[in-house]
Amino acid sequence: MTGTQHDAVDIIRTKRDGERLSDEQIDWVIDAYTRGDVADEQMSALAMAIYLNGMEPDEISRWTSAMIASGERMDFSTLSRPTADKHSTGGVGDKITLPLAPLVAACGVAVPQLSGRGLGHTGGTLDKLEAIPGWQADLTNEAMMQQLEEVGAVICAAGAGLAPADKKLYALRDVTGTVEALPLIASSIMSKKIAEGTGALVLDVKVGSGAFMKTEADARALAERMVALGDAAGVTTVALLTDMSAPLGRTAGNGLEVIESVEVLSGGGPADVRELTIALAREMVLASGIEGADAVDVAEVLDSGKALQVWKQMIAAQGGDPEAELALGEHTAEVTAEAGGVITEMDAYKVGVAAWRLGAGRARKEDPVQAGAGVRWHAGVGERVEAGQVLFTCYTETSERLQRGVETLAGAVTIDTGAEPFERTLVIDRITA
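Per an unreviewed UniProt entry, the recorded name for the protein chain is Thymidine phosphorylase, and the organism is Kytococcus sedentarius. According to the UniProt record, the Sequence similarities (unreviewed entry) comment for the protein chain reads "Belongs to the thymidine/pyrimidine-nucleoside phosphorylase family." Note on the protein chain: under the UniProt heading Subunit (unreviewed entry), the record states "Homodimer."

Take a look at the structure:
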């Protein structure tokens, strides 16, 4: 990138003193950092200054545009149907991408779902799918386009050419205590999603103990900023605020979550996973602008078996065996209820950490994950249990991990002996431009 030469220290001082960075300063520092002309320690200082002092909306927009400009942009305009994508800010048991992509494709919308690997509680979407024998995450752009045209959905690894500035900055934020900076979260997510070239984007912004954003106010602020960034870039963007005070579904792990997703695609599965999958699919179909979108009955498409067929085609197209029985960890242990009553709380964070300790997640990006490790819970929030009833089953492929996983689940569930069963509200609000 040509233009005026800037000085990294001056840019750091500007943001340190709470002032606005100019468009030229932002363009220069992102480009120079991507090329290696701005050192990690300098970008660390700038990230901390942004964390402490924030950014104006137009600053965040320019920062996002500069991140997109650091790499290539994908173009799906040659496809025979419109595209829609989904991004979740993540939570325990959040396997929604797996049933969602084939469901939306079965409704007539192409879904280019570029996903990542997990760092923390459980594996990312790619780790979950790699529990399926033979399945491959890496596709060429040509193979992805062909699969989108022929199958309608693809879940694969994002290419290194998309927003390389984000990849570099994300790794830096992870080790400098600046992951939580709202401007950097919003620009990180949206630079990748806009660079992916999708025509419509639905954001699932999680709120609660098992989510990145613990309060509704923080989640709403992030959602509003991301919707504004998408809208400014010409991408139809909608956000749902959804509850993550308790884990989603009945499983946290890799193979476990694939099994549960197939149950949902077969017309069954946990009610909350089904509800959220349908809600997000409805938003994606509407946002895509496909002809007759208002008349599409997403629940009916799910129950018809069409989405399950797309799932099988999608898995097979990437070398996987959709009929394979997934092996779970051979070492298991159960946690039982100490008293009878209604489960009023389930600590999503504790469940996530238990799954991680059992081998489902990774502490460092180079760590392997176990396909068969994780936690299954046999009752959810709002349901009645009896004393001695099995609450959790832990799975691991490594026997020495078992006890730590079980110990983590101590106190994960609150049981009220006098409470009545109740239903949890999943979708808190809907945010548009």
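**Q** What's the story with the packing of helix α2 (residues 23–35) against helix α4 (residues 57–69) in this structure? I'm lost.
**A** Each pair of packed helices can be summarised by the angle the axes make with each other and by the distance between the axes. Contact geometry of α2 with α4 gives a least axis separation of 9 Å together with a crossing angle of 35 degrees. In the packing of α2 onto α4, the handedness of the crossing is right-handed. In this structure, α2 contributes Asp23, Ile26, Asp27, Val29 and Ile30 to the contact, and α4 contributes Glu59, Arg62, Trp63, Ala66 and Met67. In terms of residue class, the contact of α2 with α4 is built from six nonpolar, no polar and four charged.

**Q** Can you help me understand helix α12 (residues 271–288) in this one?
**A** Each α-helix winds once per 3.6 residues, and so residues spaced three or four apart point in a common direction. Taking 1.5 Å per residue, 18 residues should reach 26 Å; α12 reaches 26 Å between its end C-alpha atoms and fits that length. For α12, a buried count of 13 out of 18 residues is recorded, marking the element as mostly surrounded by other parts of the structure.

**Q** For this particular structure, what's the right way to read the environment of Met145?
**A** Following the sequence through the fold, Met145 ends up in helix α7 (residues 141–150). Residues Met145 and Ala339, spaced 194 residues apart in sequence, show a C-alpha to C-alpha distance of 54 Å. The residues contacting Met145, other than those within four sequence positions of it, are Asp75, Phe76, Thr78 and Leu79.

**Q** What is the right way to look at the domain arrangement of the protein chain in this model?
**A** It is common to report an interface's size as the accessible area lost on association of the parts. Annotation of the protein chain at the domain level lists domain 1 (84–159 + 196–318) and domain 2 (331–416). Facing 25 residues of domain 1, the contacting portion of domain 2 comprises 29 residues. Between domain 1 and domain 2 the total buried area reaches about 1900 Å² when both faces are included, carbon and sulfur atoms providing 57% of it. For the pair domain 1 and domain 2, the number of links is two salt bridges. For Asp127, the salt bridge goes to Arg362, with nearest N and O atoms at 2.9 Å. At the boundary of domain 1 with domain 2, the tally comes to nine residue pairs in polar contact (both at pLDDT 80 or more).

**Q** Could you clarify how one ought to interpret the nonpolar core in this entry?
**A** The tendency in soluble globular proteins is for nonpolar side chains to be buried as a group. Judged by nonpolar contacts, the single largest core of 58 residues is most densely connected at Val29, Ile30, Met43, Leu46, Trp63 and Val205. Counting residues per element, this core draws most heavily on helix α9 (residues 182–195), at seven residues. For Trp63, the contacting residues outside a window of four places in its chain are Leu21, Ile26, Val29, Ile30, Met43, Leu46, Ile50, Met55, Leu169, Leu184 and Ser187. Of all hydrophobic cores here, the second largest spans 52 residues; its members include Leu103, Val109, Val111 and Leu280.

**Q** Quick question: what am I supposed to make of the UniProt feature "domain: Pyrimidine nucleoside phosphorylase C-terminal" (unreviewed entry) in the protein chain here?
**A** With numbering aligned to this structure, UniProt lists the feature "domain: Pyrimidine nucleoside phosphorylase C-terminal" (unreviewed entry) at residues 342–416. Between the C-alpha atoms that bound residues 342–416 the distance is 5 Å, and the span itself is 24% helix and 29% strand.

**Q** Is there a simple way to explain the sheet that holds strand β1 (residues 84–88) in this structure?
**A** Two orientations exist for strands paired in a sheet by backbone hydrogen bonds: parallel and antiparallel. If you trace the four strands from one edge of the open sheet to the other, you get β1-β4-β5-β13, paired in mixed fashion. The open sheet has two edge strands, β1 and β13 (427–432), and neither has a second partner. Between one strand axis and the next, the sheet turns through 20 degrees on average, direction left out of account. Note that strand β4 (residues 200–207) and strand β5 (residues 236–243) share eight bridges and pair parallel. Among the inter-strand pairings, Leu203 is bridged to a residue of β5, identified as Ala239. On top of the sheet, helix α10 (residues 216–232) reaches β4, β5 and β13; it is set at about 165 degrees to β5, its chief contact.

**Q** Help me out: how do you make sense of the packing of α2 against helix α3 (residues 40–53) in this one?
**A** At a minimum axis distance of 10 Å, the contact between α2 and α3 shows a crossing angle of 140 degrees. Here the hand of the crossing between α2 and α3 comes out left-handed. Across the interface between the two elements, Val29, Ile30 and Tyr33 from α2 touch Asp40, Met43 and Leu46 from α3. Among the residues making up the contact of α2 with α3, the classes are represented as five nonpolar, no polar and one charged.

**Q** What am I meant to see in the environment of Leu126 here?
**A** With respect to the helices and strands, Leu126 occurs in helix α6 (residues 125–129). Considered as a pair, Leu126 and Gln136 are ten residues apart in the sequence and their alpha carbons are 8.9 Å apart.

**Q** Could you clarify how one ought to interpret the side chain of Ser261 in this entry?
**A** In this fold, Ser261 is placed in helix α11 (residues 255–265). On the basis of relative accessible area, Ser261 is assigned to the buried category, the value being 0%. When near neighbours in sequence (up to four residues on either side) are disregarded, Ser261 contacts Lys95, Leu98 and Pro99.

Conventions and cut-offs
Residues numbered from 1 in each chain as written. Predicted model: local features only at pLDDT ≥ 70, side-chain atom pairs only at ≥ 80, totals over all residues. Heavy atoms only, no water. UniProt positions renumbered as here; feature names shortened; annotations may be inferred. Axes fitted to C-alpha atoms, helices over the stretch in contact; angles between N-to-C directions. Helix = DSSP H or I, 4+ residues; strand = E, 2+ residues; numbered from the N terminus. Left-handed = near helix turned anticlockwise from the far one by under 90°. Contact = heavy atoms within 4.5 Å. Nonpolar A, V, L, I, M, F, W, Y, C, P; charged D, E, K, R; others polar. Expected span 1.5 Å × (residues − 1). Buried < 20%, exposed > 50% of the residue type's maximum accessible area, 1.4 Å probe, protein only. Domains from an automatic or database assignment. Buried area = accessible area lost by both parts, 1.4 Å probe. Salt bridge = Lys/Arg side-chain N within 4 Å of Asp/Glu carboxyl O. Polar contact = N/O pair within 3.5 Å; in protein donor to acceptor, adjacent residues only side chain to side chain. Core = buried A, V, L, I, M, F, W, Y, C linked by side-chain atoms within 4.5 Å. Pairing = 2+ DSSP bridges.

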